[in-house]
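Close look at the chain arrangement
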Amino acid sequence: QVQLVESGGGLVQPGGSLRLSCLASGFPFSEYGMNWYRQAPGKQREWVGFITSAGGSINYSDSVKGRFTISRDNAKNTVYLQLNSLKPEDTAVYYCKVILSQVYWGLGTQVTVSS
């Protein structure tokens, strides 16, 4: 079955960095674009960015553009989200998502930005 497993979250100080991973299984990973989302406490889930199947096109939300970078390694069935210059408002649970015949989400990984 389709599985998405995020990892790499944690507690980081403002200005710090983290790299999140999303390991996919159960579908032909290299054929599908992948999304990253996040959900802060008390807020709706927010789209962060998208990468096409081969990684040739990547889009970001305005709130993270220039600070976050999405990449993928199709040999490892993994998509990454590099978070730089983190701010307290980046605190959220980060999720990856894929759209096949239906939408699949991972369980998320918590990122907390605090001094």
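As a reminder, the structure under discussion sits directly above these lines.
Counting of residues starts from 1 at the beginning of each chain's written sequence and follows it residue by residue. Reporting in this predicted model follows two pLDDT cut-offs: at least 70 for local features of residues, and 80 or more for side-chain atom pairs to be given and counted; totals over whole chains, interfaces and linings ignore these cut-offs and use all residues. The basis for every side-chain value is the complete set of heavy atoms in the structure, and neither hydrogens nor water enter the calculation.

With respect to the pattern of salt bridges
When a carboxyl oxygen of Asp or Glu lies within 4 Å of a side-chain nitrogen of Lys or Arg, that pair is called a salt bridge. Under the defined criterion, the tally for this structure stands at 4 salt bridges. Where Glu46 meets Arg38, a salt bridge forms, and the shortest distance between an N and an O atom there is 2.8 Å. A relative accessible area of 30% places Glu46 in the partly exposed class. Ionic pairing is found between Asp90 and Arg67, a salt bridge with its closest N-O pair at 2.7 Å. In this pair, Asp90 is assigned in the loop between strand 8 (78-83) and strand 9 (92-99) and Arg67 in the loop between strand 6 (58-60) and strand 7 (68-73), connecting sequence segments 23 residues apart. Arg67 carries the same exposure label as Asp90, and that label is buried. Look at the salt bridges and you will find they share partners, linking Arg38, Glu46, Arg67 and Asp90 into a network. The cut-offs for exposure are 20% and 50% of the maximum accessible area for each residue type, with area from a 1.4 Å probe on protein chains only; residues under the lower value are buried, those over the upper are exposed, and the others partly exposed. Only DSSP runs of H or I with at least four residues qualify as helices, and only runs of E with at least two residues qualify as strands; both kinds are numbered from the N terminus onward.

Observations concerning the packing of aromatic side chains
For Phe, Tyr and Trp, where Trp contributes only its six-membered ring, two rings pair if their centres lie within 6.5 Å, and the inter-plane angle classes them as stacked under 30 degrees, edge-to-face over 60, or tilted in between. Applying the stated criterion to the full structure yields 5 aromatic pairs. Seen from their ring centres, Phe27 and Phe29 are 6.3 Å apart, and the 55° between their planes marks the pair as tilted. In this structure, Phe27 and Phe29 share a single accessibility class: buried. Judged by its relative accessible area of 10%, Phe27 falls in the buried class.

A look at the environment of Gly56
Within the secondary structure layout, Gly56 lies in the loop between strand 5 (46-51) and strand 6. Sequence separation between Gly56 and Ser71 is 15 residues; the distance between their C-alpha atoms is 9.7 Å.

Some remarks on the sheet that holds strand 8
Paired strands, as defined in this entry, are two strands with at least two bridges between them according to DSSP. Spatial strand order, 1-3-8-7: 4 strands in an open sheet with antiparallel pairing. Edge positions in the open sheet fall to strand 1 (3-7) and strand 7, since each of these has one partner strand only. Averaged over all neighbouring strand pairs, the angle between strand axes comes to 15°, with direction disregarded. One ladder, built from 6 bridges, connects strand 3 (residues 18-25) with strand 8; its direction is antiparallel. By the bridge assignment, Leu18 is partnered in strand 8 with Leu83. Structural elements are reduced to axes, namely lines fitted to C-alpha atoms, with helices fitted over the stretch in contact, and the angle between N-to-C directions of any two is expressed from 0 to 180 degrees.

Some words on the side chain of Arg72
With respect to the secondary-structure elements, Arg72 resides in strand 7. Although buried, Arg72 forms no salt bridge, and the nearest oppositely charged side chain, Asp73, lies 8.3 Å from it. We call two N or O atoms a polar contact when they sit within 3.5 Å, provided that within protein one can donate a hydrogen and the other can accept it, with sequence-adjacent residues counted only if both atoms are side-chain atoms. Among the polar contacts made by the side chain of Arg72, one reaches the main-chain carbonyl oxygen of Phe29 at a distance of 2.8 Å. From its side chain, Arg72 meets the backbone oxygen of Ser53 in a polar contact 3.2 Å long. Positive residues here are Lys and Arg, negative ones are Asp and Glu, while His and the chain termini are left out of the count.

Quick word on the pairing of strand 5
Judged from the 5 bridges that link them, strand 4 (residues 34-39) and strand 5 form a sheet pairing that is antiparallel. The partner of Trp36 across the bridge, within strand 5, is Gly49. The turn joining strand 4 and strand 5, which pair antiparallel and follow one another in sequence, is formed by 6 residues; a positive phi near 75° is taken by Gly42. Direction of pairing for strand 5 relative to strand 6: antiparallel, over a ladder of 3 bridges. From the neighbouring strand, Phe50 faces strand 6, where its bridge partner is Asn59. Two successive antiparallel strands, strand 5 and strand 6, enclose a turn made up of 6 residues, where Gly55 displays a positive phi of approximately 80°.

Honestly, it's all geometry; don't read function into it.
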